[in-house]
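Listed below, chain by chain, are the residues.
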Amino acid sequence: MGQGLRLSVLLGLLGLLAAPVMAAETIKVPSNPIPTAPGARPAPVLILLHGCGGLGRNMDLWVRRVNDWGYAAFVLLSFQARQIRSVCAPEDQPKVTGLDRAGDVLNAALVLQGVPGLDGGRIGVIGFSHGGGTTTVLTRRAFEAFRPGLIKAVVNYYGPCTNPEFHGRTPMLALNGSDDNWGDPPGTCKRFADAMRADQVFELHTYPGAAHDFDSPSMVSRSYTLGHPAQYDAAAAADSFERTRSFLDRYVKAARQ
């Protein structure tokens, strides 16, 4: 893994106020060591954001995956800290919003800057579904202004892309399936892409026939949650992993402070 670097999993439990961004009630970061070889550069870190149903089985796979890529993983549990299990149902969605979770991410990034073995100047975010939608909120100019350059890049897995007029200059990769109707990721992200300026890095890839959770191998057969299809797509998943790794290596791992 380059320079003898070994990465541990970080699990973050945050309970944050929606506004202002800086106000935090509790932040708990376990003391998992991040051992490195003598003289090795501190590890870049990726903050992972689960979907509307909370922490799922696929997150363990993602932690191991990004560790193999040379990143530390910080799994951010915004729901658990607020004693909420799910916000999937329409009536539950106001309980924890993308604005709430974007504030959580910024607070987490500030905490991570003080963790030995981590490089606070190389932090990225991968969000899934509700967490993916949160990444588009996180890249708004108002959040970027809080601490410019704090988040180097984000990846949005099958979350809707909202309010392109607010988007700043944080590089974003959006990945979704053409059959996904949960928040219409393919449609909203296409419109988002069409609204981008030349100085805004936004990459979009839509997989034909793929649905929600196409990266989750536990979703072997097509199932429906609240009328929305979800199913694993091995080819789409493999391609998305390559695109994600390349994107993050370019904008996070290779970033200069």
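As a reminder, the structure under discussion sits directly above these lines.
So, a few notes on the structure that sits alongside this text. Just so you know, these numbers come straight off a predicted model, no measurement behind them.

Calculation rules
Residues numbered from 1 in each chain as written. Predicted model: local features only at pLDDT ≥ 70, side-chain atom pairs only at ≥ 80, totals over all residues. Heavy atoms only, no water. Helix = DSSP H or I, 4+ residues; strand = E, 2+ residues; numbered from the N terminus. Buried < 20%, exposed > 50% of the residue type's maximum accessible area, 1.4 Å probe, protein only. Contact = heavy atoms within 4.5 Å. Areas by Shrake-Rupley, 256 points an atom, 1.4 Å probe, with all protein chains shown as cover. Core = buried A, V, L, I, M, F, W, Y, C linked by side-chain atoms within 4.5 Å. Lys, Arg positive; Asp, Glu negative; His and termini not counted. Salt bridge = Lys/Arg side-chain N within 4 Å of Asp/Glu carboxyl O. Disulfide = S-S within 2.5 Å. Pairing = 2+ DSSP bridges. Right-handed = clockwise from strand over helix to strand, strands pointing away. Polar contact = N/O pair within 3.5 Å; in protein donor to acceptor, adjacent residues only side chain to side chain. Phe/Tyr/Trp six-rings, centres within 6.5 Å; stacked < 30°, edge-to-face > 60°. Lys NZ or Arg CZ within 6 Å of the ring centre and 35° of its normal.

1. A few points about the overall build of the protein chain
1) Next: A tally of regular secondary structure across the protein chain gives 7 helices and 10 strands.
2) Next: Scored against the burial criterion, the 257 residues of the protein chain give a buried share of 54%.
3) Next: A fraction of 73% describes how many contacts in the protein chain between residues 6 or more apart in sequence connect residues 24 or more apart.
4) Next: For the protein chain, the exposed area adds up to about 11100 Å²; of that, 53% sits on carbon and sulfur atoms.

2. Focus: the nonpolar core
1) Next: Of all hydrophobic cores here, the largest spans 30 residues; its most connected members are Ile47, Val105, Leu112, Val125, Leu138, Ile151 and Phe202.
2) Next: Per-element accounting of this core gives the leading share, 6 residues, to helix 3 (residues 98–112).
3) Next: Counting residues in hydrophobic clusters, the runner-up holds 28 residues, among them Val66, Tyr71, Leu173 and Ala236.

3. Notes on the side chain of Arg140
1) Next: The residue Arg140 is located in the loop between helix 4 (130–138) and helix 5 (141–144) in this model.
2) Next: Buried and unpaired, Arg140 has no salt bridge, with Glu165 as the nearest side chain of opposite charge at 7.3 Å.
3) Next: Among residues more than four places away in sequence, those in contact with Arg140 are Leu99, Thr162, Asn163, Phe166, His167 and Gly168.

4. Details of the state of the cysteines
1) Next: What the rule picks out here adds up to 2 disulfides.
2) Next: What pairs with Cys52 in a disulfide is Cys88, and their sulfur atoms sit 2.0 Å apart. Of note, the bridge from Cys52 to Cys88 carries an S-S torsion of about 90° and is right-handed in sense. You can see Cys52 sitting in the loop between strand 3 (43–49) and helix 1 (58–68) and its partner Cys88 sitting in the loop between helix 2 (78–81) and helix 3, a full 36 residues away along the chain.

5. Digging into the pairing of strand 4 (residues 72–76)
1) Next: Burial within strand 4 is extensive, with 5 of its 5 residues counted as buried.
2) Next: Both faces of strand 4 are covered, namely the face carrying Ala72, Phe74 and Leu76 and the face carrying Ala73 and Val75.
3) Next: As paired strands, strand 3 and strand 4 are joined by 5 bridges and run parallel to one another. Looking at the pairing, Leu49 lines up with Leu76 of strand 4.
4) Next: Between the parallel elements strand 3 and strand 4, the chain passes through helix 1 in a crossover that is right-handed.

6. A few points about the environment of Tyr207
1) Next: For Tyr207, the location among the structural elements is in strand 8 (residues 202–207).
2) Next: Judged by relative accessible area, Tyr207 falls into the buried class, the value being 7%.
3) Next: With residues up to four places along the chain from it excluded, the contact list for Tyr207 reads Leu175, Asn176, Gly177, Ser178, Phe214, Ala236, Asp239, Ser240 and Arg243.
4) Next: Of note is the side chain of Tyr207, whose polar atom sits 2.7 Å from the side chain of Asp239.

7. Structural notes on the packing of aromatic side chains
1) Next: In the structure shown here, the tally under the stated rule is 11 aromatic pairs.
2) Next: Ring plane angle 40° and centroid distance 4.9 Å describe the contact between Phe192 and Phe202, whose orientation is recorded as tilted. Residue Phe192 is found in helix 6 (residues 185–194), and its partner Phe202 is found in strand 8; the two are separated by 10 residues along the sequence.
3) Next: Seen from their ring centres, Phe247 and Tyr251 are 4.9 Å apart, and the 55° between their planes marks the pair as tilted. With Phe247 and Tyr251 both in helix 7 (residues 234–253) and 4 residues apart, this pair spans about one turn of that helix.
4) Next: Taking the relative accessible area as the measure of exposure, Phe247 reaches 0% and is therefore buried.
5) Next: Tyr251 sits in the partly exposed class, given a relative accessible area of 23%.
6) Next: An aromatic cluster of three or more residues is present, and its members are Trp62, Trp69, Phe128, Tyr157, Tyr158, Tyr207, Phe214 and Phe241.
7) Next: Positioned over the ring face of Trp62 is Arg65, at 4.6 Å from the centre of the ring.

8. Some details on the pairing of strand 7 (residues 172–177)
1) Next: For strand 7, the buried fraction is high: 6 of the 6 residues fall into the buried class.
2) Next: Because side chains alternate across strand 7, one face comprises the buried residues Met172, Ala174 and Asn176, and the other comprises Leu173, Leu175 and Gly177, equally buried.
3) Next: Two strands pair when backbone bridges link them, and strand 6 (residues 153–157) and strand 7 are joined in this way by 4 bridges, in the parallel orientation. Paired with Val155 across the bridge in strand 7 is Leu173.
4) Next: Two elements, strand 7 and strand 8, share 6 bridges in a ladder whose sense is parallel. The partner of Leu173 across the bridge, within strand 8, is Glu203.
5) Next: Taken together, strand 7, helix 6 and strand 8 constitute a β-α-β crossover, and its handedness is right-handed.

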